[in-house]
Amino acid sequence: MDREDDNTKPPGGTQDERLLESPRRTDEFLHTDTWRVFRIMGEFVQGFEDLAQITNGVAVFGSARTHPDDPVYQAARETAALLARSGFAVIPGGRPGIMEAANRGAFEAGGMSVGCSIALPHEQGANPYLTLSLKFKYFFVRKMMFVKYSDAFIIFPGGFGTFDELFEALTLIQTRKIRNFPVVLYGSEYWFGLLDWIRGPVLAEGKISEHDLKLLHLADSPAQIVEIISRSRSAIDRIQG
């Protein structure tokens, strides 16, 4: 992506920041935002073309701050390798940390290792374990690609960005904007507090239903993750076959 200015940073902030900024003058809006639609459209078209070959994709999310000597990094690497050997394409964000671990595992296993990165003010370089690399200016375009080309989301321990992907997927499934696919949390110890809160006041006060709790899967090993995703894939194949 971003072939025309891949190595430059837009003046005045990111493309998302400029798009979402309230217009100060009407004429400024007419000369910028309306024409920006074509850039957004081009990013969608390029993403669709680049990812059209992807089948059985699995998106992997988690902290970019996770170091290679962290057991969670090793778990993500092993999970991706198992997925690749089972015929899944692995689709993380293409950056360091958990994203690198997942790309590395898939790459070393000889599988499809995709990186969907985002242009940020303080950019981190793409990790070296990619068979297909895409770079997006707009978060919402990138997020759509993850959803469209994935049959499951794996959520490793992470921060705000990881939470964003987690809850957006759950919302889209809950509201039936997309079909129900597995959303798997890795690491019961890390996610215990969040799950306790969801099962406690969130459910007790009727903010979600018992059925909504079933949208989340919890796993403590790479083998468990792959079993959950493979079981879901087999069920889909039986329905479609």
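**Q** I tried to follow the overall build of the protein on my own but got confused; where do I start?
**A** Secondary structure assignment for the protein yields nine helices and seven strands. Burial analysis of the protein (241 residues in total) assigns 46% to the buried set. Carbon together with sulfur atoms contributes 55% to the accessible area of the protein, which is approximately 12800 Å² in total.

**Q** What is the right way to read unusual backbone geometry from this model?
**A** Trans is the common state for peptide bonds, and a negative phi is the common state for residues other than glycine. For Asn56, which is not glycine, the phi dihedral falls at a positive 50°. Take Asn56: it is sitting in the loop between helix H2 (26-51) and strand E1 (57-61). Accessibility expressed as a relative area gives 27% for Asn56, which makes it partly exposed.

**Q** Would you take a moment to explain the environment of Ile98 for this structure?
**A** Turning to its location among the elements, Ile98 is positioned in helix H4 (residues 98-108). As a C-alpha pair, Ile98 and Arg65 span 33 residues in sequence and 7.8 Å in three-dimensional space.

**Q** Where do I start with the nonpolar core in this structure?
**A** Across soluble globular proteins, nonpolar side chains have a tendency to be buried as a group. In terms of nonpolar packing, the biggest core is built from 34 residues, with Leu51, Val114, Phe153, Ile155, Leu166, Val183 and Leu216 touching the most fellow members. Once residues lying within four places of it in the same chain are set aside, the contact partners of Leu216 are Leu166, Leu170, Val183, Leu185, Leu195 and Ile198. One finds Ala75, Ala102, Val184 and Ala219 within the second-largest nonpolar core, a separate group that totals 24 residues.

**Q** Quick question: what am I supposed to make of the packing of helix H6 (residues 160-174) against helix H7 (residues 188-204) here?
**A** For any two helices packed against each other, the geometry comes down to the angle between their axes and how far apart the axes lie. Relative to each other, H6 and H7 sit at 45°, their axes nearing to 14 Å. Here H6 is positioned oblique relative to H7, judged by the angle of their axes. In this structure, H6 meets H7 at a crossing whose hand is right-handed. Only Tyr190, Trp191, Leu194 and Ile198 of H7 make contact with H6, whose side of the interface consists of Thr162, Phe163, Leu166 and Phe167. Across the contact of H6 with H7, the residue classes break down as seven nonpolar, one polar and no charged.

**Q** Is there a simple way to think about the packing of helix H5 (residues 139-148) against H6 in this case?
**A** Two numbers describe how H5 lies on H6: the axes approach to 12 Å, and their chain directions differ by 60°. Here H6 runs oblique to H5, going by the angle between their axes. With respect to the hand of their crossing, H5 and H6 are arranged in right-handed fashion. Contacts between H5 and H6 involve Arg142, Lys143, Phe146 and Val147 from the first element and Asp164, Glu165, Glu168 and Leu172 from the second. Here the contact of H5 with H6 is composed, by residue class, of three nonpolar, no polar and five charged.

**Q** Mind showing me how you'd approach a nonpolar patch on the surface here?
**A** Together, Trp35, Val37, Phe38, Met41 and Val45 give the surface a local cluster of nonpolar side chains, amounting to about 540 Å² of exposed area. By the secondary structure assignment, Phe38 is in helix H2.

**Q** Would you mind going over the pattern of salt bridges with me for this structure?
**A** Where charged atoms of side chains with opposite charge meet at close range, the side chains can pair. Going through the model one piece at a time under the given rule, you end up with seven salt bridges. Where Arg104 meets Glu108, a salt bridge forms, and the shortest distance between an N and an O atom there is 3.1 Å. Here Glu108 and Arg104 lie together in helix H4, a separation of four residues that amounts to about one turn. On the basis of relative accessible area, Glu108 is assigned to the partly exposed category, the value being 45%. A salt bridge links Lys143 to Asp164; the shortest N-O distance between them is 2.7 Å. Here Asp164 lies in helix H6 and Lys143 lies in helix H5, a separation of 21 residues in the sequence. Given the relative accessible area of 13%, Lys143 is considered buried. Overall, the relative accessible area of 35% leaves Asp164 in the partly exposed class. Salt bridges sharing partners connect three or more residues here, namely Arg77, Arg104 and Glu108.

**Q** Which parts of the structure should I look at to understand the pairing of strand E3 (residues 114-118)?
**A** Consecutive side chains along a regular strand alternate between the two faces of the sheet. The buried fraction of E3 is high, at five of five residues. Taking every second residue as pointing to the same face, both faces of E3 are buried, with Val114, Cys116 and Ile118 on one and Gly115 and Ser117 on the other. Here E3 runs beside strand E4 (residues 132-136); their pairing, made up of five bridges, is parallel. For Gly115, the partnering residue across the bridge sits in E4 and is Ser133.

About the criteria used
- Residues numbered from 1 in each chain as written.
- Predicted model: local features only at pLDDT ≥ 70, side-chain atom pairs only at ≥ 80, totals over all residues.
- Heavy atoms only, no water.
- Helix = DSSP H or I, 4+ residues; strand = E, 2+ residues; numbered from the N terminus.
- Buried < 20%, exposed > 50% of the residue type's maximum accessible area, 1.4 Å probe, protein only.
- Areas by Shrake-Rupley, 256 points an atom, 1.4 Å probe, with all protein chains shown as cover.
- Core = buried A, V, L, I, M, F, W, Y, C linked by side-chain atoms within 4.5 Å.
- Contact = heavy atoms within 4.5 Å.
- Axes fitted to C-alpha atoms, helices over the stretch in contact; angles between N-to-C directions.
- Parallel < 35°, antiparallel > 145°, perpendicular 65-115°, else oblique.
- Left-handed = near helix turned anticlockwise from the far one by under 90°.
- Nonpolar A, V, L, I, M, F, W, Y, C, P; charged D, E, K, R; others polar.
- Patch = residues over 30% accessible without salt bridge, like charges linked within 9 Å, V, L, I, M, F, W, Y side chains within 5 Å.
- Salt bridge = Lys/Arg side-chain N within 4 Å of Asp/Glu carboxyl O.
- Pairing = 2+ DSSP bridges.

Remember that the coordinates give geometry; whether it matters functionally is a separate question.
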